[in-house]
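What follows is each chain in one-letter form.
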Amino acid sequence: MSSPEKIGDLVEIFFDTCRTQAPGSTEPTFYPAVQRLLQAIIGNNSHLGKLHVQVNPQKVEGGMPDLRIELDGDHLVGVIEVKHPSKMKNDDIFSLCQE
């Protein structure tokens, strides 16, 4: 990202993405919004600056996550599995997406 983005704005973009997607849309529809939000969080914290968010990484021993977070490009920090908001149950934050 060339210019810093406000995290609140990106959260709103994420929820707008949730609200505007048809129930038949697929999980990859949400990857760009999640990636931008994570990159903004990383960019706003100097101690996280060496973290990298990769969308659709290669399959690994534990499966194939939707997003992978790495440190210095070769140390796995974590993985993220995106779920379509319409498929989430009993989670108040995702009920906002379905309004």
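Each chain carries its own residue numbering, running from 1 in the written order of its sequence. Note on the predicted model: pLDDT of at least 70 is required for a residue's local features to be given, and 80 or more for side-chain atom pairs to be given and counted; whole-chain, interface and lining totals, by contrast, use all residues. Neither water nor hydrogens contribute to the side-chain values; these are computed over all heavy atoms in the structure.

Q: I tried to follow the overall build of the protein chain on my own but got confused; where do I start?
A: When its secondary structure is counted, the protein chain shows three helices and three strands. Counting the 99 residues in the protein chain, one finds 30% classified as buried. Accessible area of the protein chain: about 6,600 Å², with a carbon and sulfur share of 53%. Elements are defined by DSSP. Helices are runs of H or I of four residues or more, strands are runs of E of two residues or more, and each kind is numbered from the N terminus. Whether a residue is buried, partly exposed or exposed follows from its accessible area with a 1.4 Å probe, protein chains only, as a fraction of its type maximum: under 20%, in between, or over 50%, in that order. Each accessible area is a Shrake-Rupley result for a 1.4 Å probe, and residues are judged covered by the shown protein chains and nothing else.

Q: Just to check I follow, could you spell out helix 2 (residues 31–43) for this structure?
A: The span one expects for a helix is its residue count, reduced by one, times 1.5 Å. End to end, helix 2 covers 18 Å across 13 residues, agreeing with the expected 18 Å (1.5 Å per residue, within 8%). What helix 2 keeps buried is the set Tyr31, Ala33, Val34, Leu37, Leu38, Ala40 and Ile42. Throughout, a residue-residue contact means that at least one pair of heavy atoms, one from each residue, lies within 4.5 Å. Looking at the packing, one finds that the buried side of helix 2 touches helix 1 (7–20), strand 1 (51–55), strand 2 (67–71) and strand 3 (75–80).

Q: Would you mind showing me how to read the sheet that holds strand 1 here?
A: Note: strands within a sheet are paired through backbone hydrogen bonds, in either parallel or antiparallel orientation. For two strands to be treated as a pair, DSSP must find at least two bridges joining them. Ordered by their spatial adjacency, three strands build an open sheet running 1-2-3, and the pairing between neighbours is antiparallel. Edge strands, defined here as strands with exactly one partner in the open sheet, are strand 1 and strand 3. Taking each pair of neighbouring strands and ignoring which way they run, the sheet shows an average axis angle of 25°. Note: strand 1 against strand 2, five bridges, orientation antiparallel. Looking at the pairing, Val53 lines up with Ile69 of strand 2. Strands strand 1, strand 2 and strand 3 of the sheet are contacted by helix 2, whose axis makes an angle of about 175° with strand 1. Fitted lines through C-alpha atoms serve as axes, helices being fitted only where they are in contact, and the angles separating the N-to-C directions of these axes extend from 0 to 180 degrees.

Q: What is the right way to look at the packing of helix 1 against helix 2 in this model?
A: When two helices pack together, their arrangement is given by the angle between their axes and by how far apart the axes lie. One can describe the packing of helix 1 onto helix 2 by two numbers: an axis separation of 9 Å at closest approach and a directional angle of 170°. Between helix 1 and helix 2, the crossing angle belongs to the class labelled roughly antiparallel. Contact residues: helix 1 offers Ile7, Leu10, Val11, Ile13, Phe14 and Thr17, while helix 2 offers Ala33, Val34, Arg36, Leu37, Ala40 and Ile41. For this classification, the nonpolar set comprises Ala, Val, Leu, Ile, Met, Phe, Trp, Tyr, Cys and Pro, the charged set comprises Asp, Glu, Lys and Arg, and every other residue, Gly included, is treated as polar. Grouping the constituent residues of the contact of helix 1 with helix 2 by class yields ten nonpolar, one polar and one charged. Any angle from 65 to 115 degrees is called roughly perpendicular, while one under 35 is roughly parallel, one over 145 is roughly antiparallel, and all others are oblique.

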